[in-house]
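Listed here are the chains, written in short residue letters.
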Amino acid sequence: MIVHETILDVTSPTGTMQTALFTPVSPHGATRRDPGIVLYSEIFQLTAPVRRLAVQLAGEGYLVIAPEIYHAFEPPGCVLGYDDTGKTRGNALKEQLTTAAFDADAQAALAALRNHPNCNGRLGTFGICLGGHLAFRAALQHEVAAAACFYPTDLHGGRLGPGGSFDTLARAGEVRGELLFVFGRQDPHIPAEGRRRIYDALSRADTCFTWHEFNAAHAFLRDEGERYDPAAARLGFSLALDLFSRCL
């Protein structure tokens, strides 16, 4: 499957949100109508590994949109580095991402997908790290049929947003779609007790979900850096594809 990447500016109450749109193209150029997936990045925004992940998803037959989650704070096209400077900036900005602002952006991104001529109206979300948390929160929108959440940071502690008031997990019962959670057991950002809190909350809410843990570090899906685990990444990605194949 050939994939075309373009820029799509999405209007949101928080301002114009630049997104990267990845469109699968039929070999003979025939018009396609595919399910849509919102791909949420790490705190570093749309880095090269995130774009490669988007291409992989689109290559499987999904219309993928990847929003710049910090568009209200950074200029269009801003990518933070995988270094201490980028980490400091990304972590500072996530404390400014209010619940209302994120929900508005999520609704705008989902609407942009749903109304796109190449989308068949079926919608899902996929996220890594901070994006895993945001993919879960976007699934509070009832039109989201499936969400793949990879090592979702801060979900177990409800610490996102100004004053740490972004407690998405407390609303797990509102999710109508199916959820996939994938963790690395050696991830210090989501320790065993944090994973247990997430699992128990999902179970109490009678949420439809599957749960997988690998012997891997945080960010093991990212195909760059020393924590990348190709075998675990391949298995984890196949689980996400299975979810989307069944639900979308």
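Up top is the structure these notes are about.
Quick notes on the rules
Residues numbered from 1 in each chain as written. Predicted model: local features only at pLDDT ≥ 70, side-chain atom pairs only at ≥ 80, totals over all residues. Heavy atoms only, no water. Helix = DSSP H or I, 4+ residues; strand = E, 2+ residues; numbered from the N terminus. Polar contact = N/O pair within 3.5 Å; in protein donor to acceptor, adjacent residues only side chain to side chain. Contact = heavy atoms within 4.5 Å. 1 Å grid on protein atoms, 1.4 Å probe; cavity = no way out; pocket = protein on both sides within 12 Å on 5 of 7 lines; lining within 4 Å. Points joined across faces, edges and corners; volume = space filled by probe spheres on them. Nonpolar A, V, L, I, M, F, W, Y, C, P; charged D, E, K, R; others polar. Axes fitted to C-alpha atoms, helices over the stretch in contact; angles between N-to-C directions. Parallel < 35°, antiparallel > 145°, perpendicular 65-115°, else oblique. Phe/Tyr/Trp six-rings, centres within 6.5 Å; stacked < 30°, edge-to-face > 60°. Buried < 20%, exposed > 50% of the residue type's maximum accessible area, 1.4 Å probe, protein only. Lys NZ or Arg CZ within 6 Å of the ring centre and 35° of its normal.

(A) How the structure looks around the side chain of E42. On the secondary structure map, E42 appears in the loop between strand 3 (34-40) and helix 1 (48-59). Polar side-chain contacts of E42 include one of 2.7 Å to the side chain of Y82. If we ignore the near neighbours within four places in the chain, the residues touching E42 are T47, V50, I69, Y82, I128, C129, A219 and R222.

(B) Representation of empty space enclosed by the protein within the structure. Across all of its chains, the model carries one cavity of 30 Å³ or more by this definition. Each pocket or cavity is described by its volume, and for the largest cavity that value is around 50 Å³. Lining the largest cavity are M17, Y40, P67, E68, I69, L97, F102 and D105. Of the residues assigned to the lining of the largest cavity, the class counts are six nonpolar, no polar and two charged.

(C) Spatial organisation of the environment of P24. Mapped onto the elements of the fold, P24 is located in strand 2 (residues 15-25). In this structure, the C-alpha to C-alpha distance between P24 and G121, residues 97 residues apart in sequence, is 16 Å. Once you skip the residues sitting within four places of it in the chain, P24 turns out to touch M1, I2, R32, D34, A58, G61, Y62 and L63.

(D) Region of interest: the packing of helix 3 (residues 99-114) against helix 4 (residues 130-138). Where helix 3 meets helix 4, the closest approach of the two axes is 10 Å, and the angle between their N-to-C directions is 75 degrees. Classed by the angle they form, the pair helix 3 and helix 4 counts as roughly perpendicular. The segment helix 3 lies against helix 4, with T99, F102, D103, A106 and L110 engaging L134, R137 and A138.

(E) Inspection of the layout of surface pockets at higher detail. Empty space within the largest pocket amounts to approximately 240 Å³. Lining the largest pocket are 13 residues, and of these I43, N91, C129, H189 and H218 lie nearest its centre. For the lining of the largest pocket, a count of residues per class yields three nonpolar, four polar and six charged.

(F) Spotlight on the packing of aromatic side chains. Evaluation of the coordinates by the stated rule reveals 15 aromatic pairs. Arranged with centres 6.4 Å apart and planes meeting at 90 degrees, the rings of F150 and Y151 form a pair that is edge-to-face. No difference in accessibility class separates F150 from Y151, as the two residues are buried. Of the aromatic side chains, those joined through ring pairs into one cluster are Y62, F126, F150, Y151, F214, F220 and F244. For the cation-ring pair, R222 lies above Y82, with the distance from its terminal atom to the ring centre recorded as 4.0 Å.

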